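Understanding the architecture of this molecule
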Amino acid sequence: MSQESSLHHRMLIAALIVFTQDLSRGGGAQAWTYSYSTTPNRRWHEARKWCHQHLTNMVTIQTPEETDFINNLLPFNQKYYWIGIHKVDGVWTREGNNETVLEDVQNWAPKEPDNIVGQDCVEIYIKRDKDTAKWNNEKCQSKKGTVCYSASCTQDSCSAHADCVETVGNYTCQCHPGFHGPRCEEAIACKPLLEPEQGSHYCFHPYGSNRFNSSCRFHCELGFRLLGSPQLLCQTSGHWNNPVPLCQVEQCPVLNHTNISGGGMNCSHPIAPYSYNSTCEVRCDEGYELSGGSQMRCEHTGRWTASVPACTIKKCSPIFSPVTGNVTCVDTLEPFSFGSRCNFNCQEGYNLTGDSTLTCLASGQWSKATPTCTVVQCNSLEAPPHASVQCQDPLGVYSYGSICTVQCEEGFDLIGTNMTQCSSQGSWSHTLPVCQAKKCNPINSPPHGSLSCSDPHGSFSFGSRCMTTCDEGFLLNGTANAECTSLGMWSADIAHCSAKRCPALNSTTYGSLFCFDPHGEFSFGSQCTSTCEEGFLLNGTADTVCTSLGTWSADIPHCLARPCPLLAEAPQHGRMNCSHPFSPFSLNSSCGFECNEGFWLRGTPTMTCRNSGHWSQDLPTCQPVQCETIPASSLPLSMNCSHPLGHFSFGSQCLFTCTGGFSLNGTDVLLCSSAGFWSDSLPNCTEATPVGAAMLMNSGAGAASVLVPLLLIGLGFLALFILTRSKKRGHAITYDGPSWEERENPAFEF
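Residues numbered from 1 in each chain as written. Predicted model: local features only at pLDDT ≥ 70, side-chain atom pairs only at ≥ 80, totals over all residues. Heavy atoms only, no water.

This part takes up the state of the cysteines. With the rule as written, the count across this model stands at 27 disulfides. Here Cys175 pairs with Cys184 through a disulfide, and the sulfurs are 1.9 Å apart. Taking the sign of the S-S torsion, -85° for the link of Cys175 and Cys184, the bridge is left-handed. Among the residues examined, Cys184 registers a relative accessible area of 0% and is labelled buried. Between Cys267 and Cys280 runs a disulfide, and the two sulfur atoms are separated by 2.1 Å. The sign of the S-S torsion, about 110°, decides the handedness of the disulfide formed by Cys267 and Cys280: right-handed. Of this pair, Cys267 sits in strand β20 (residues 263-268) while Cys280 is found in strand β21 (residues 279-284), placing the two residues 13 residues apart along the sequence. Taking relative accessible area as the criterion, Cys267 reaches 27% and is therefore assigned partly exposed. (Disulfide = S-S within 2.5 Å. Buried < 20%, exposed > 50% of the residue type's maximum accessible area, 1.4 Å probe, protein only. Helix = DSSP H or I, 4+ residues; strand = E, 2+ residues; numbered from the N terminus.)

Inspection of the secondary structure assignment puts Asn57 in strand β5 (residues 57-58). Engagement of the side chain of Asn57 in a polar contact is seen with the side chain of His52, the distance being 3.3 Å. If we ignore the near neighbours within four places in the chain, the residues touching Asn57 are Cys51, His52, Glu95, Gly96, Cys148 and Tyr149. (Polar contact = N/O pair within 3.5 Å; in protein donor to acceptor, adjacent residues only side chain to side chain. Contact = heavy atoms within 4.5 Å.)

In this structure, Ile70, Leu74 and Trp135 are the most contacted members of the largest nonpolar core, which totals 19 residues. Mapped onto this core, the elements with two or more residues apiece are β4 (33-42), α3 (64-73), β6 (81-88) and β8 (121-124). Sequence-distant contacts of Ile70, defined by excluding residues within four places in its chain, comprise Tyr34, Val59, Ile61 and Ile126. Within the second largest apolar cluster, 13 residues are counted, among which are Met265, Cys280, Met296 and Cys298. (Core = buried A, V, L, I, M, F, W, Y, C linked by side-chain atoms within 4.5 Å.)

Across all of its chains, the model carries 21 aromatic pairs by this definition. Judged by centre distance (6.2 Å) and plane angle (75°), the ring pair of Phe648 and Trp678 falls under edge-to-face. Placement of the pair is Phe648 in the loop between β50 (637-642) and β51 (653-658) and Trp678 in the loop between β53 (669-671) and β54 (684-687), with a sequence separation of 30 residues. Owing to a relative accessible area of 6%, Phe648 belongs among the buried residues under this scheme. Members of the aromatic cluster, each reached through a chain of ring pairs, are Phe76, Tyr80 and Tyr125. The residue whose ring lies beneath Arg128 is Tyr125, and the NZ or CZ to ring-centre distance is 3.9 Å. (Phe/Tyr/Trp six-rings, centres within 6.5 Å; stacked < 30°, edge-to-face > 60°. Lys NZ or Arg CZ within 6 Å of the ring centre and 35° of its normal.)

Quick look at the sheet that holds strand β15 (residues 199-204) now. Spatially, β15-β16-β18 is the arrangement adopted by the three strands of the open sheet, whose pairing is antiparallel. Edge positions in the sheet fall to β15 and β18 (231-233), since each has one partner strand and no second. Strand-to-strand twist across the sheet, computed as the mean angle between neighbouring axes with direction ignored, equals 20°. As paired strands, β15 and strand β16 (residues 215-220) are joined by six bridges and run antiparallel to one another. Bridge pairing in β16 links Ser200 to His219. (Pairing = 2+ DSSP bridges. Axes fitted to C-alpha atoms, helices over the stretch in contact; angles between N-to-C directions.)

Across the sheet, three strands lie side by side as β20-β21-β23; this open sheet has antiparallel pairing. Edge positions in the open sheet fall to β20 and β23 (295-297), since each of these has one partner strand only. Strand-to-strand twist in this sheet, taken as the mean axis angle between neighbours without regard to direction, amounts to 20°. Relative to β21, β20 is paired through six bridges, and the arrangement is antiparallel. Each bridged residue has a counterpart across the sheet, and for Met265 the counterpart in β21 is Val282.

Per-chain confidence: the protein averages 81 in pLDDT, with 86% of residues scoring 70 or above. Model confidence for the protein, summarised as mean pLDDT per element, is weakest for strand β2 (residues 21-23) at 27 and strongest for β8 at 95. The low-confidence segment residues 691-714 (pLDDT under 50) makes six contacts with residues lying over four places distant or belonging to another chain. Below a pLDDT of 50 lies the segment residues 716-750, which in the model reaches 46 contacts outside its immediate sequence neighbourhood of four places, other chains included. (pLDDT = per-residue confidence, 0-100.)

Looking down a regular strand, the side chains alternate between one sheet face and the other. Of all ten residues in β4, eight are buried; the element is thus mostly enclosed. In this sheet, strand β10 (residues 144-150) lies alongside β4 in antiparallel orientation, the contact comprising six bridges. Counted as the bridge partner of Thr33 is Ser150 from β10.

For the rest of this paragraph, the subject is the environment of Ser464. Residue position: Ser464 is located in the loop between β35 (449-454) and β36 (465-470). Judged by its relative accessible area of 0%, Ser464 is buried. C-alpha of Ser464 to C-alpha of Cys453: the two residues are eleven residues apart in sequence and 6.8 Å apart in space. Residues contacting Ser464, with those up to four places away along its chain left out, are Ser454, Asp455, Pro456, Gly458, Ser459, Ala482, Glu483, Cys484 and Trp490. Engagement of the side chain of Ser464 in a polar contact is seen with the backbone oxygen of Gly458, the distance being 3.2 Å.

Turning our attention to the pattern of salt bridges. Taken as a whole, this structure holds ten salt bridges when the rule is applied. Of the charged contacts in the structure, one is a salt bridge between Arg575 and Glu594, with a shortest N-O distance of 3.0 Å. Of this pair, Arg575 sits in strand β45 (residues 574-579) while Glu594 sits in strand β46 (residues 590-595), placing them 19 residues apart in sequence. (Salt bridge = Lys/Arg side-chain N within 4 Å of Asp/Glu carboxyl O.)

With that settled, the discussion passes to the environment of Val91. Among the structural elements, Val91 can be located in strand β7 (residues 91-94). Val91 sits ten residues away from Val101 along the chain, and the two C-alpha atoms are 8.1 Å apart. Dropping the residues within four chain positions of it, Val91 is found in contact with His86 and Thr100.

The next subject is the environment of His457. By secondary structure assignment, the location of His457 is in the loop between β35 and β36. Placed 19 residues apart in sequence, His457 and Lys438 show a C-alpha to C-alpha distance of 9.0 Å. Residues contacting His457, with those up to four places away along its chain left out, are Phe412, Ala437 and Phe462.

The next thing to look at is the pairing of strand β26 (residues 341-346). Side chains of β26 alternate between two faces, with Cys342, Phe344 and Cys346 buried and Arg341, Asn343 and Asn345 left unburied. As judged from the six bridges shared by strand β25 (residues 325-330) and β26, these two strands associate in the antiparallel manner. Across the sheet, Asn326 pairs through a bridge with Asn345, a residue of β26. Where β26 lies against strand β28 (residues 357-359), three bridges are found, and the strand directions are antiparallel. Within β28, the position partnered with Asn343 by the bridge is Thr357.

Turning next to the side chain of Arg42. Locating Arg42 in the fold gives a position in strand β4. Among buried Asp, Glu, Lys and Arg side chains, Arg42 stands out as unpaired, with Glu46 the closest opposite charge at 5.9 Å. Polar side-chain contacts of Arg42 include one of 2.9 Å to the side chain of Ser37. (Lys, Arg positive; Asp, Glu negative; His and termini not counted.)

What follows is the structure, encoded as structure tokens:
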């Protein structure tokens, strides 16, 4: 390699581009370092190896900011640059950490990535006129520029309480929970804790007073117990894990005042009710006296110093029954004691005169004198409505033993007993009966209707009149009015309400009809929903309701075939023929494709519109037919070719000439036909007839030595021409050039 070529190679290997930033607490400069190389361009796996040898790894484009940075940094390279992303098991993966590239951070150029087999590596369009800094998947064997990077984080970049995270041209310290600051050296602080009332606490601080992981334990004074968590911990949020506990006073059992019969209790609570140091005193009510100590105190153990004392009741003298009566006594605790009550009753036919109840007072005396008994008198009677009363009075009007009977008017029934008697207790044996209007059977509003009634003598009784009306959407079936007669029968049956009907519906073509009929098929309130078969779309309102007018709220919709994207024109150099069973370019539409002469169809020749609204495959293309590549000629044969449709494809034309005094042997122009064959065999150059041959004819035997070699050369060219013609039958040309697969690769150059 020459000195100039070596210098050019070293320049294209690329210089290291380093960006630094002063880190005031880091003790130095740290940054991402990038390196690139365009000479030579490398295959993807070679580029990865080159990065590992020189720095750390291939650039994998972590953020949009890094994309802009790389695009501004790198020079334009006609073959662009590889990045460290390739397909692994069908998934785009970052090189180095085998991390999956999420879809929302992928930066593909339009219509990329494609699904061509073998295009499993990713290039980036650096400083491209169109889609600059976008991605494209390419064959890993293609050669492109190399771009690498080295990380900026070091062991001392952050404290032991953080993770170092790379950024474009810098790094940040991501603090562990509980720490903050530029290098995450300072623990998060919690608020200082106050001493609880009647308590204390002590703490352990591993990272400073009241900071992350500080723990404090609480204790209470005598007579108090801890309420809450006994130990608090300062958390990563800067808050203690629990509220500060309280010191709650010890409680003694609550003393029930109601358990002290004939007395009461007064208590003093210096701290809290029935708690440590509370005192209670018992005093007896009037008529009671105390047995036992009167005072109690709550100790720090939660127990009272004494049990609750009792109050005993005072007693009265015994009591006796009157001459014509009886006495019954109720004693609260003991017979004839304070609070005892005695009730008096007279013999049959007599009333008690005086107080019927005597009470034993706290003084030991009864509250009243003994009562007396007199003859019983009943209340006067009044005839009930629609009735008359007749009485027999053997001992006086409405007196003990009087008997009265009741009789109802016509049209009314007697409810109760028709006879009553004045009893010895001064009350009638039976309450007066009621004359109730005769009842008809209760009736209810018909379904979907209402009932309006007038009831002069009671609900659904003699004289009641009822009228039936129907709800909106329903028709009356029967007599609207009915009356309850004196016989307890309705004058007419209750009418019914029938739902109005709508016209019957049928399902649309290519669809189905589903109805909900709460009041009968196709009647008021019916709700019908139309659905289409798979591959068809609903054109109109899906739901319709039968209204109160007996008409549908909406017409039944139609089902139209689901359309596919419109195919505007046939592929270039081809023809398209379509059939549409429903509508143009819709469900089950089928399109066939053919190519013009000299072109072949790449893709499936037929496309069908599926019920999902998508074509069964992508639109095919027409590619020009390829002839075999003619290898580059060597002097004296010269070749000049034109390729209107692609290298050595249909329509290509090659012109041949000879130089240096040689003559062209064969056709000077070859054309690539629509069948993929050249129009003739490859020509060659032969040497022109030498001037010395004419001289030999006049020089005699001396020229024989020159003529023989020339004849041998001519025979050799003739044999070569015949051999070439025998191998070129059918106008095909053999060659040892690139394979068809290499010629189909757009990156291949002749």
